[in-house]
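Listed below, chain by chain, are the residues.
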Amino acid sequence: MLVKDYPEGCWESIFRFLGQGNDLESVSVVCKQFLSITNRIRISLTIRNPTIIFLPRLLSRFLRLKVIDLSHFTGELEGLLHLIAQSGLDLDLVNVSNQKTLPVDGLRELGSKMINLRVLICSNIGSLRDSHLIMIAYCFPFLEELDISFPLDSEVSDFGILRSLEEISFFTCFKITQVGIASAFRVRPSLASISFNIEKKRIHGPGLTPLPINMDLIDSLASLKRLNAVDLSNSFISDEFLISLADSAGNFLKKLVLHDCCNFTFSGISYVLSKCQYIQCLDLGKADFLTDQCIKELSMFLLNLTSINLSGCCQLTNSSFFILTRNCKFLNEIKMERTYIGVDGEQDFNSISFLINLQVKEVYFGDNVLLNDASLSQFSSICPYLQFLDLKACEGISQECVVEVMKRCCKLRNLNLAYTGIEKFEINFEVSQLEVLNLSGSSIEDETLFIISKLCIGLLFLDIQDCCYITTKGVREVIENCRGLKELNLKNCRLVDDDFVLMLTLTKPSLRTIITPSGVEVYY
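Residues numbered from 1 in each chain as written. Predicted model: local features only at pLDDT ≥ 70, side-chain atom pairs only at ≥ 80, totals over all residues. Heavy atoms only, no water.

Here we look at the overall build of the protein chain
Along the protein chain, the regular secondary structure elements total 18 helices and 22 strands. The buried share of the protein chain, taken over its 524 residues, is 52%. At a minimum sequence separation of 6, the contacts of the protein chain that also span at least 24 residues come to 70%. As displayed, the protein chain has an accessible area near 23500 Å², and 54% of this comes from carbon and sulfur atoms. (Helix = DSSP H or I, 4+ residues; strand = E, 2+ residues; numbered from the N terminus. Buried < 20%, exposed > 50% of the residue type's maximum accessible area, 1.4 Å probe, protein only. Contact = heavy atoms within 4.5 Å. Areas by Shrake-Rupley, 256 points an atom, 1.4 Å probe, with all protein chains shown as cover.)

Below you can see the structure in the form of structure tokens.
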């Protein structure tokens, strides 16, 4: 049956399933009909420096764009924003993060054309002022979400944040006071998402009592009845603050991030989770008071959990992993970096019945120096449908165990073995699903790279940074056998010839990013 025998609506549904990445780009070159369909369904565009010469053509080609990301562009933004403003597009989100200054004139022109813009991301701007927020409020009257987090030099004050939004993010804007935040909450009771941090400031100096949380801020949370996402990373909070948050948000709350927060206790987080049992994403990173017993008690409330971050919770052992995979039926992602993973829990937990969990797809175990083969093998048996496994700097695992995991978890697509000390990587079966492989800092040689290139033919990204025994011969084998390779990191691979890398930029069009042995990042 020919391509033309299928209705375009059928092809369009299939291509939408592929998302907005490289797969969609690949099918666009098959035939004119596929090119036309992919042009219609592409809704997002990321602009890097080499893309600029093609921008007018891209803006006229993708007429249904809703998202434009300029955060990777390092040149002058004013001209780009002028082109975008004149394109006739009806954008939903624009990201102008990581710029030295806010492109005021360009945003003003964009606001005059893109009246339906809903989300503006201005994170990591070099200099931010109240006048910038006033301009944004005036030019984008229908804006619902504004991200002004992590400015390098912020003069934004309480005056600047009093505007009507559904979501606001202002991390490290320390001239915004707790009183100002409370006032903003009261005038915007419809806020659905808040992201800010309460500075861990001391009254008189190090080691003394931190500034208390203003009761006005705690009381103001009662006005926020529609909160579904809260991010308080790196904040000084309290149990009273969490209790007020839980009483207000209730079952609306779906995401709670308390990464690297201090001054709250198990009682506070337990109260939140008991009241907000529809939480799907939970981040308790660096909550060092958590124990396996705490996780056992909290897991009873986490019936809808899909993602949890417990990295840096240094008391947690294997038992916590077993508890979560057994009790949280919808859990998809587990982050337990820098914990006691690899250590058996207390005697009471040794009798835990292990149940296979087919939902868990992503596991992060990075920097767990105590992780061993026995534990990793057991974890992979419990989660056989793993697609992403991060074992960065887990020096206690062997290449034999990694191969066993790859054979058992046949859907594995992304594997991080950076700085694990692995010297060989001997596999004798095809790993066709694997797309991303990170072997940075390993002692592998060309022979291992040859095996990988023959059996991991679906690789899209290969990172062999700091692999000092790899030569041009080994890289050539990968290039010839992994025909779909998109990104290659060769930083500090001193035995790889620079002229060969230069030749790749001219003769291997499928490669989009190469980091050369000298560390230069080349896009094309």
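Examining the packing of helix 12 (residues 292–299) against helix 13 (residues 318–327)
Following both chains from N to C, one finds helix 12 and helix 13 inclined at 10 degrees, their axes separated by 9 Å at the closest point. The orientation of helix 12 with respect to helix 13, classified from their angle, is roughly parallel. For the pair helix 12 and helix 13, the contacting residues are Asp292, Ile295, Lys296 and Ser299 in the first and Ser319, Ser320, Ile323, Leu324 and Asn327 in the second. Class assignment for the residues of the contact of helix 12 with helix 13 results in three nonpolar, four polar and two charged. (Axes fitted to C-alpha atoms, helices over the stretch in contact; angles between N-to-C directions. Parallel < 35°, antiparallel > 145°, perpendicular 65-115°, else oblique. Nonpolar A, V, L, I, M, F, W, Y, C, P; charged D, E, K, R; others polar.)

Examining the pattern of salt bridges
Applying the stated criterion across every chain, the model contains 12 salt bridges. The shortest N-O distance in the salt bridge between Arg129 and Asp153 comes to 3.1 Å. Here Arg129 is found in the loop between strand 5 (127–128) and helix 7 (130–139), whereas its partner Asp153 is found in strand 7 (residues 153–154), with 24 residues between them in sequence. Arg129 sits in the partly exposed class, given a relative accessible area of 26%. Residue class for Asp153 comes out partly exposed when judged on its relative accessible area of 34%. (Salt bridge = Lys/Arg side-chain N within 4 Å of Asp/Glu carboxyl O.)

Examining the nonpolar core
By size, the foremost hydrophobic cluster in this structure holds 147 residues, and its most contacted members are Phe241, Phe365 and Ile464. With residues up to four places along the chain from it excluded, the contact list for Ile464 reads Leu439, Ser440, Ile444, Leu449, Ile470, Val475, Asn489, Leu490 and Cys493. (Core = buried A, V, L, I, M, F, W, Y, C linked by side-chain atoms within 4.5 Å.)

Observations regarding the confidence of the model for the protein chain
Mean pLDDT over the protein chain stands at 86; residues scoring 70 or higher make up 84%. Below pLDDT 50 for its whole length, residues 347–351 participates in seven contacts with residues either more than four positions away or in separate chains. (pLDDT = per-residue confidence, 0-100.)

Comments concerning helix 12
Looking at helix 12, one finds that the buried residues are Asp292, Cys294, Ile295, Leu298 and Ser299. In a view along the axis of helix 12, the buried residues occupy a sector of 155 degrees, so they form one face of it. Buried residues in helix 12 make contact with helix 11 (266–275) and helix 13. (Arc of directions from axis to C-beta.)

Observations concerning the environment of Val360
Structurally, Val360 can be placed in the loop between strand 14 (333–335) and strand 15 (362–364). In the structure, Val360 is positioned 32 residues away from Cys328 in sequence and 9.8 Å away in space, judged by C-alpha atoms.

Digging into the packing of aromatic side chains
A complete count under the given rule lists eight aromatic pairs for this structure. Between Phe365 and Phe379, the aromatic rings sit 5.2 Å apart at their centres with planes inclined by 45 degrees, giving tilted as the arrangement. You can see Phe365 sitting in the loop between strand 15 and helix 14 (373–382) and its partner Phe379 sitting in helix 14, a full 14 residues away along the chain. According to the relative accessible area criterion, Phe379 is buried, its value standing at 2%. Through successive ring pairs, a cluster of aromatic residues spans Phe321, Phe322, Phe365 and Phe379. The ring centre of Tyr385 lies 5.6 Å from the NZ or CZ of Lys411, which sits over that ring. (Phe/Tyr/Trp six-rings, centres within 6.5 Å; stacked < 30°, edge-to-face > 60°. Lys NZ or Arg CZ within 6 Å of the ring centre and 35° of its normal.)

Let's talk about unusual backbone geometry
In this model, Asn98 sits at a positive phi of 70 degrees, which is unusual for a non-glycine residue. Along the polypeptide, Asn98 turns up in the loop between strand 3 (93–95) and helix 6 (104–113). Here Asn98 falls in the partly exposed class, since its relative accessible area comes to 41%. Its identity as a non-glycine residue notwithstanding, Asn492 has a phi of 65 degrees, on the positive side.

Description of the side chain of Ser440
Mapped onto the elements, Ser440 comes out in the loop between strand 18 (436–438) and helix 16 (446–455). For Ser440, a relative accessible area of 3% gives the class buried. Reaching out from Ser440, the side chain makes a polar contact with the side chain of Asp463 at a distance of 2.8 Å. (Polar contact = N/O pair within 3.5 Å; in protein donor to acceptor, adjacent residues only side chain to side chain.)

Some thoughts on a nonpolar patch on the surface
A contiguous nonpolar surface patch, about 280 Å² in accessible area, is contributed by Ile52, Ile53 and Phe54. Topologically, Ile52 is positioned in the loop between strand 1 (44–46) and helix 4 (55–61). (Patch = residues over 30% accessible without salt bridge, like charges linked within 9 Å, V, L, I, M, F, W, Y side chains within 5 Å.)

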